[in-house]
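Notes for the structure review
These are the residues of each chain, in order.
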Amino acid sequence: MPAVSKGDGMRGLAVFISDIRNCKSKEAEIKRINKELANIRSKFKGDKALDGYSKKKYVCKLLFIFLLGHDIDFGHMEAVNLLSSNKYTEKQIGYLFISVLVNSTSELIRLINNAIKNDLASRNPTFMCLALHCIANVGSREMGEAFAADIPRILVAGDSMDSVKQSAALCLLRLYKASPDLVPMGEWTARVVHLLNDQHMGVVTAAVSLITCLCKKNPDDFKTCISLAVSRLSRIVSSASTDLQDYTYYFVPAPWLSVKLLRLLQCYPPPEDAAVKGRLVECLETVLNKAQEPPKSKKVQHSNAKNAILFETISLIIHYDSEPNLLVRACNQLGQFLQHRETNLRYLALESMCTLASSEFSHEAVKTHIDTVINALKTERDVSVRQRAADLLYAMCDRSNAKQIVSEMLRYLETADYAIREEIVLKVAILAEKYAVDYSWYVDTILNLIRIAGDYVSEEVWYRVLQIVTNRDDVQGYAAKTVFEALQAPACHENMVKVGGYILGEFGNLIAGDPRSRFDNSIPEC
C-alpha cells in the first residue's frame, strides 16, 4: 500500500475531531456538528470547484459525523467523484464512504459500478484491491450481477498480484454467501483449487476460506482439494517456527491456516487414496504429539493458537470415526483438559468428549473419565460447563454405569439451576427406562424424580411409568407399596398424587394385607 505523504494529513479534519472531543455537553457537540454540516454543504454547492484534497477532507468529516450517530443525507456524489481520482488517498476515502454510507438500493450504484469497472481494468493492484473491497463491503445483488463473472477471472489470472488474488478470493466468497446463484461454476473452479499450492500463504488462506464455502454446496467439483489440502497441512505441521517466520504466531506456524485446512477436510469423508490418507494420519498424530510437548512460551496467545489446532484436529478425527488409535488418543488428550484451570478448555473438552462417546472405538476410553465428569457436575461454578458435564454423563451411559450416573444426576437435580432442570429430568427418565434391568429400580427412579422436581416432570414421563407398571406383573405389587409410602410424606407433588391414584386404584389390592399399607391418622398435604 502506498505510503501517505506528509501533505496528505488533513489538518481541518484533525481540528474538527479535537473540537468534538472538547465539547462539554451533548448540546455543544450537536451545535458544532450542525455548524460543520452547514459549512460543508455550502462548500459543495458553491460556485468554486473543489480540488481533490478539499473533497477528501469534507467527505472524511461527513464520515466521522455519521460514525458519531448522525444522519448524512448529502455528499454521496462527491464521494463517487473521488473514485475517479488517480491519488490513492482520495480514491481510498471515496471507497470508504461508499462502503459505509451507500446502501444496495442507492441510485448511485450504476455510477459506482462504472468506477469499479475502470479500477478493475486498470491493472493497478492497489486500485484493484480497493475496488474489490468495496464490492465485498456493499455486497449488493446488482454488484454481484455486474462483477460475478469478472472476479473469478482476476482470481485465477497468472499475472494477478498476490494481494489482488487475496482480495478477489474474499470478495468472491462474500458474493457467493449473499447470492450463490450469481457465481458461475466453470473452468475456474478447477484452477482455484490449485491456489492451495500457491507460494504466498495469504493467498492460500483466502483460497481455503472460499473453497470451504463452495465445496459445501458442490463437493464433487472440488474433490481434488483433498490431496492438496493434506499436502499443505503436512508442510505446515512438520515445519519449524523459523521456516514460516512471517506466518508464525507465538512459535506456532500458520495456526489459522492450519485450522482452516482441517475444517476444509471435514467437508469430505476420509481420503480414498492410501498414500494421502497415510500422510494425513501422520499429520494428525504429529499434532497430538506436539500437544504433549512443554509449551515454548508462557503467553496465553501461544496456548490459544496451539489449542485451536488441537481441537480442530480432534474434530476431524471424530468426523472420520475410522481410526481407533487416534480416537483413543484424542479422548486421553481431552481428559487432560477436564481439570484444566481455564474454564473454556474444560467446556470444549466436555463438548468434544460427548461426540467421542458415541463412537464404538472410543466409548470405553471416555468412560474411564466418569469420576472426573461427576466431580465437574458437582463443583463447576459455570452453569454451561455443568450442563456439558450432564450431557457427557448422558452420552457415556450404558448398562455398566447406568445406576451410578442416574444416581448422581438425581443428586445434582436437587440443587440444579432451574433453567436446565427439565432437561436433566428428561435425561434421567430416558436412561432409567433404557437401561432398566430391574424395573423396581425404574419405579424408584421416576418417583424420586417426581419428589425432587415434580414441576419439571412432564405428563409423557409419568404416563410412561404407568404404562410399564400396567404391562409388567412382576413390578405391580412393588409399585403399589412404594407409591403408597411416598404418598404418606408430609407434602407431596400433584404428579405424585396422580401416579399414586392410578397405581393404587388398579393394584392397591396387591398390598391390602400388608400391615404397612394402612394410612396414618394424619392426612398428608398434597
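Residues numbered from 1 in each chain as written. Predicted model: local features only at pLDDT ≥ 70, side-chain atom pairs only at ≥ 80, totals over all residues. Heavy atoms only, no water.

Their axes nearest at 10 Å, the elements helix α3 (residues 52-67) and helix α5 (residues 88-101) cross at an angle of 30°. When the axis of α3 is compared with that of α5, the two are roughly parallel. Between α3 and α5 the crossing geometry is left-handed. Where α3 abuts α5, its residues Gly52, Tyr53, Lys56, Val59, Cys60, Leu62, Leu63, Phe66 and Leu67 lie against Thr89, Glu90, Ile93, Leu96, Phe97, Val100 and Leu101. (Axes fitted to C-alpha atoms, helices over the stretch in contact; angles between N-to-C directions. Helix = DSSP H or I, 4+ residues; strand = E, 2+ residues; numbered from the N terminus. Parallel < 35°, antiparallel > 145°, perpendicular 65-115°, else oblique. Left-handed = near helix turned anticlockwise from the far one by under 90°. Contact = heavy atoms within 4.5 Å.)

Turning next to helix α16 (residues 300-320). With 21 residues, α16 extends 30 Å from end C-alpha to end C-alpha; this agrees with the ideal 30 Å at 1.5 Å per step. Trailing α16 by a residue or two, Asp321 shows a phi angle of about 50°, which is positive. (Expected span 1.5 Å × (residues − 1).)

So, on to the packing of aromatic side chains. By the definition in use, this model includes eight aromatic pairs. An angle of 85° between the planes, with centres 6.0 Å apart, marks the rings of Phe16 and Phe64 as edge-to-face. One end of the pair, Phe16, is in helix α1 (residues 11-21); the other, Phe64, is in helix α3, with 48 residues separating them in the sequence. On the basis of an interplanar angle of 70° and a centroid distance of 6.2 Å, the ring pair of Phe44 and Phe74 is categorised as edge-to-face. Of the two residues, Phe44 is situated in helix α2 (residues 26-45) and Phe74 in the loop between α3 and α4 (76-82); the sequence distance between them amounts to 30 residues. (Phe/Tyr/Trp six-rings, centres within 6.5 Å; stacked < 30°, edge-to-face > 60°.)

So, on to the environment of Ile452. Examined against the element boundaries, Ile452 turns out to sit in helix α24 (residues 439-453). The class of Ile452 is buried, set by a relative accessible area of 17%. Between the C-alpha atom of Ile452 and that of Arg421, which follows or precedes it by 31 residues, the distance is 10 Å. Residues contacting Ile452, with those up to four places away along its chain left out, are Leu410, Leu413, Glu414 and Arg421. (Buried < 20%, exposed > 50% of the residue type's maximum accessible area, 1.4 Å probe, protein only.)

Taken as a whole, the protein chain shows an average pLDDT of 88; of its residues, 94% reach a score of 70 or greater. Confidence drops under pLDDT 50 across residues 1-7; counting only partners more than four residues distant or on other chains, this segment forms five contacts. (pLDDT = per-residue confidence, 0-100.)

Taken together, the side chains of Phe66, Leu67, Leu96 and Val100 make up a nonpolar region of the molecular surface, amounting to roughly 330 Å² of accessible area. Note that Val100 resides in helix α5. Its relative accessible area of 35% is what places Val100 among the partly exposed residues. (Patch = residues over 30% accessible without salt bridge, like charges linked within 9 Å, V, L, I, M, F, W, Y side chains within 5 Å. Areas by Shrake-Rupley, 256 points an atom, 1.4 Å probe, with all protein chains shown as cover. Salt bridge = Lys/Arg side-chain N within 4 Å of Asp/Glu carboxyl O.)

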